[in-house]
Amino acid sequence: MKRITRISVTSVVVLALTSASVAAANDGPGPLGVTTDTAASRRSARVGALFGADRAGRLAGGHFCTASVAHSPRGDLIVTAAHCVDGADGDLVFVPGYRDGRAPYGVWRVTRRFLPDGWAKGQDEDSDLAFATVAGPGGRRLEDVVGANRFATGVATGATAVTVTGYPDSRETPISCTNKPSVHSRTQQRIDCPDFTGGTSGSPWVDGDAQIVGVLGGHEQGGATADTSYSVVLGREAAELYRDATAGTGTG
C-alpha cells in the first residue's frame, strides 16, 4: 500500500470531473493539480477497488488498493501495483466502479496474478507493477461490461497531462486529479496531486488518448506523503509483463 508518514488535513474538493479537467489531459485548459471527487460514469468505472475475497459480501470499508481495466484480447485484464497483489493473504476480488459499499458492475474474482521478475525476485521498486486476470458471473468479459484503457509503454514522462484516479482507504468513493508528471529518475516518474493517501496504490495514470502511462506505486511504494505520488516508468519490463499476462504465461 502507499506509505503515508504524515496525515494530510486538506479536504478533497467536492467537484465532479468537468470537461475542463478532461481537456487538461490533452494540455487544454483545466484545473491542474486539484483533487476532486470522481463523477460516476462508464469511463470512470474502468477503475475499481481491490478487496480480499472474504469481503465480497460486505464490501464497505474493506478495500485496500486500486486497480483498473487494461485492454487485452481476452477482455479480462486489470493492472495495479505489484505490492498490492504480491503476498496478499487469500483470494482477491476486483470491483469496478465501486461506490459506497455497492458493486454496480459486479464483483470479479482474481484468477491469476502476473509479477515482473524484478519484483518477484527482490521486490525492486522499479518493478512495482502487476497484472491480474479476472472472472465474473455468467461468463461475461470485464471489458465488455465497463470498457478498458490501453496499456502504453515507451511514452515520454510529461509528454502530456494525465488523470490519476484511485480509492483512498478512508473513502468509499474514488478521487481524481489531473496534472503533468515529471521525471524523478531514469526509472521513476512523479506527480503532484493532493490527498492520494493509503489505498490509492495501483491507481492508473491515464492520458487524453485513454492510455495507461503510469500506475501509482514504485518509489516508496507510491510515495511517503499524500501530495506526491510515483510510478515506475513503463518501459521494456512492463511491455514484457503485459505480453506475458495477455498470453497467460510468466510469473503467476
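Everything below is about the structure printed above this text.
Throughout this document, residue positions are counted from 1 along each chain, in the order its sequence is written. Local features are withheld for residues below a pLDDT of 70 in this predicted model, meaning they are given only at 70 or higher, and side-chain atom pairs are given and counted only at 80 or more; totals for whole chains, interfaces and linings count all residues. To obtain the side-chain values, all non-hydrogen atoms of the structure were included, while hydrogens and water were left out.

*Asks:* In this structure, what is going on with the sheet that holds strand 10 (residues 175-179)? I would like to understand it.
*Replies:* Backbone hydrogen bonds are what pair the strands of a sheet, in a parallel or an antiparallel way. The criterion for strand pairing is that DSSP finds at least two bridges linking the strands in question. Only DSSP runs of H or I reaching four residues or more are called helices, and only runs of E reaching two or more are called strands; each is numbered from the N terminus. Read across the open sheet, the 6 strands follow the order 1-10-9-13-14-8; overall the sheet is mixed. Edge positions in the sheet fall to strand 1 (35-37) and strand 8 (150-151), since each has one partner strand and no second. In terms of strand pairing, strand 1 meets strand 10 through 3 bridges, oriented antiparallel. Within strand 10, the position partnered with T36 by the bridge is S176.

*Asks:* What is the right way to read the pattern of salt bridges from this model?
*Replies:* Between side chains of opposite charge, a pair can form as their charged atoms come close. Salt bridges are defined by distance alone: a side-chain nitrogen of Lys or Arg within 4 Å of a carboxyl oxygen of Asp or Glu. For the coordinates displayed, the defined rule picks out 3 salt bridges. Between R171 and D37 there is a salt bridge; the shortest N-O distance is 2.4 Å. Of this pair, R171 sits in the loop between strand 9 (162-166) and strand 10 while D37 sits in strand 1, placing them 134 residues apart in sequence. Accessibility here uses a 1.4 Å probe with only protein chains present; expressed as a share of the type maximum, an area under 20% marks a residue as buried, one over 50% as exposed, and anything in between as partly exposed. Residue classification places R171 among the partly exposed positions, given a relative accessible area of 21%. The shortest N-O distance in the salt bridge between D144 and R141 comes to 3.0 Å. For R141, a relative accessible area of 31% translates into the label partly exposed.

*Asks:* I tried to follow the nonpolar core on my own but got confused; where do I start?
*Replies:* Within soluble globular proteins, side chains that are nonpolar tend to cluster in buried spots. Formed by 24 residues in total, the largest nonpolar core has its most connected members in L50, I78, V85, F94, V134 and L142. Taken together, the elements giving at least two residues each to this core come down to strand 3 (65-69), helix 2 (82-85), strand 5 (92-96), strand 6 (108-114), strand 7 (130-135) and helix 4 (142-146). Any two residues whose heavy atoms approach within 4.5 Å are treated as being in contact. With residues near it in sequence (within four places) discarded, L142 still touches V69, G75, I78, F94, P96, W108, V134 and G147. The next biggest cluster of nonpolar side chains, apart from the first, holds 16 residues, and it includes F114, F151, A238 and L241. By nonpolar core we mean a set of buried residues, namely Ala, Val, Leu, Ile, Met, Phe, Trp, Tyr and Cys, connected to one another through side-chain atoms within 4.5 Å.

*Asks:* For this particular structure, what's the right way to read the state of the cysteines?
*Replies:* Cysteine pairs can be linked by a disulfide, which is a covalent bond between their two sulfur atoms. Cysteine sulfur atoms that come within 2.5 Å of each other are treated as a disulfide pair. Under the definition given, this model contains 2 disulfides. The disulfide partner of C65 is C84, and the gap between their sulfur atoms is 2.1 Å. Measuring handedness by torsion sign, the sulfur bridge of C65 and C84 sits at about -70 degrees and is left-handed. Here C84 lies in helix 2 and C65 lies in strand 3, a separation of 19 residues in the sequence. As far as burial versus exposure is concerned, C65 and C84 are alike and both buried. In the chain, the cysteines engaged in disulfides, taken in order along the sequence, are linked 1-2, 3-4.

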